[in-house]
Amino acid sequence: IVFQPLNEKLSSLIAELLGVPPSHETVGLVAASVFGQCVYHLKHQQFISRMHPQLGHHPNVEHLAAHIADFSLAGLRSNIAIPRHQQRRRAIAK
């Protein structure tokens with residue numbers, strides 16, 4: 001599988017940011033979300049350019065990668081990545 005080394009590296013970074021092991025379910029969900037954003041832009045460029053003409057027909061790959069990273073990190077920072085039932089347990093435990 002071509003993406004396996006990239007997935008392992010991304011999962012490791014996500015796990016480190018969340019403070020959980022790479023095998024944690026949330027790590028898989030976040031990694032899949034990041035890859036999903038990438039694949040969406042890669043596979044559906046014609047659709048995106050029609051729906052969002054302000055993005056143009058040929059996106060700047062570096063700008064797009066920075067956006068996906070910023071967007072994903074913001075989600076991690078806001079605890080969106082932690083399942084709601086775990087967030088409630090944390091709040092109750094405090």
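Residues numbered from 1 in each chain as written. Predicted model: local features only at pLDDT ≥ 70, side-chain atom pairs only at ≥ 80, totals over all residues. Heavy atoms only, no water.

S.K.: What should I look at first to understand helix H2 (residues 25-43) in this one?
M.R.: Along an α-helix, residues three or four apart share an orientation, since each turn contains 3.6 residues. Here H2 is 19 residues long and its end C-alpha atoms lie 26 Å apart, about the 27 Å a rise of 1.5 Å per residue gives. Listed in full, the buried residues belonging to H2 are Thr26, Val27, Val30, Ala31, Val34, Phe35 and Gln37. Elements in contact with the buried residues of H2: helix H1 (4-18) and helix H4 (61-77). (Helix = DSSP H or I, 4+ residues; strand = E, 2+ residues; numbered from the N terminus. Expected span 1.5 Å × (residues − 1). Buried < 20%, exposed > 50% of the residue type's maximum accessible area, 1.4 Å probe, protein only. Contact = heavy atoms within 4.5 Å.)

S.K.: Just to check I follow, could you spell out the environment of Thr26 for this structure?
M.R.: Its location among the elements puts Thr26 in helix H2. For Thr26 and Ala15, which are 11 residues apart along the polypeptide, the C-alpha to C-alpha distance reads 8.6 Å.

S.K.: Before we go on, may I ask you to explain the packing of H2 against H4 in this structure?
M.R.: Relative orientation and spacing of two packed helices are given, respectively, by the angle between their axes and the distance between those axes. Between H2 and H4, the least distance of the axes is 11 Å, while the angle of their chain directions is 155°. Regarding the angle of H2 to H4, the classification is roughly antiparallel. Taken as a pair, H2 and H4 cross one another with a handedness that is right-handed. Here H2 contributes Val30, Val34, Gln37, Cys38 and His41 to the contact with H4, which in turn contributes Leu64, Ile68, Phe71, Ser72 and Leu76. Residue composition of the contact of H2 with H4, by class: seven nonpolar, three polar and no charged. (Axes fitted to C-alpha atoms, helices over the stretch in contact; angles between N-to-C directions. Parallel < 35°, antiparallel > 145°, perpendicular 65-115°, else oblique. Left-handed = near helix turned anticlockwise from the far one by under 90°. Nonpolar A, V, L, I, M, F, W, Y, C, P; charged D, E, K, R; others polar.)

S.K.: Quick question: what am I supposed to make of the nonpolar core here?
M.R.: Generally speaking, nonpolar side chains in soluble globular proteins are found buried as a group. In this structure, Leu10, Ile14, Ala15, Leu18, Val27, Val30, Ala31, Val34, Phe35, Leu64, Ile68 and Leu76 together form the largest nonpolar core, which totals 12 residues. Of all the secondary-structure elements, those providing two or more residues to this core are H1, H2 and H4. (Core = buried A, V, L, I, M, F, W, Y, C linked by side-chain atoms within 4.5 Å.)

S.K.: Sorry if this is basic, but what is going on with a nonpolar patch on the surface here?
M.R.: A surface patch of nonpolar side chains, amounting to about 350 Å² of accessible area, comprises Val2, Phe3 and Leu6. The topology assignment puts Val2 in the segment before H1. (Patch = residues over 30% accessible without salt bridge, like charges linked within 9 Å, V, L, I, M, F, W, Y side chains within 5 Å. Areas by Shrake-Rupley, 256 points an atom, 1.4 Å probe, with all protein chains shown as cover. Salt bridge = Lys/Arg side-chain N within 4 Å of Asp/Glu carboxyl O.)

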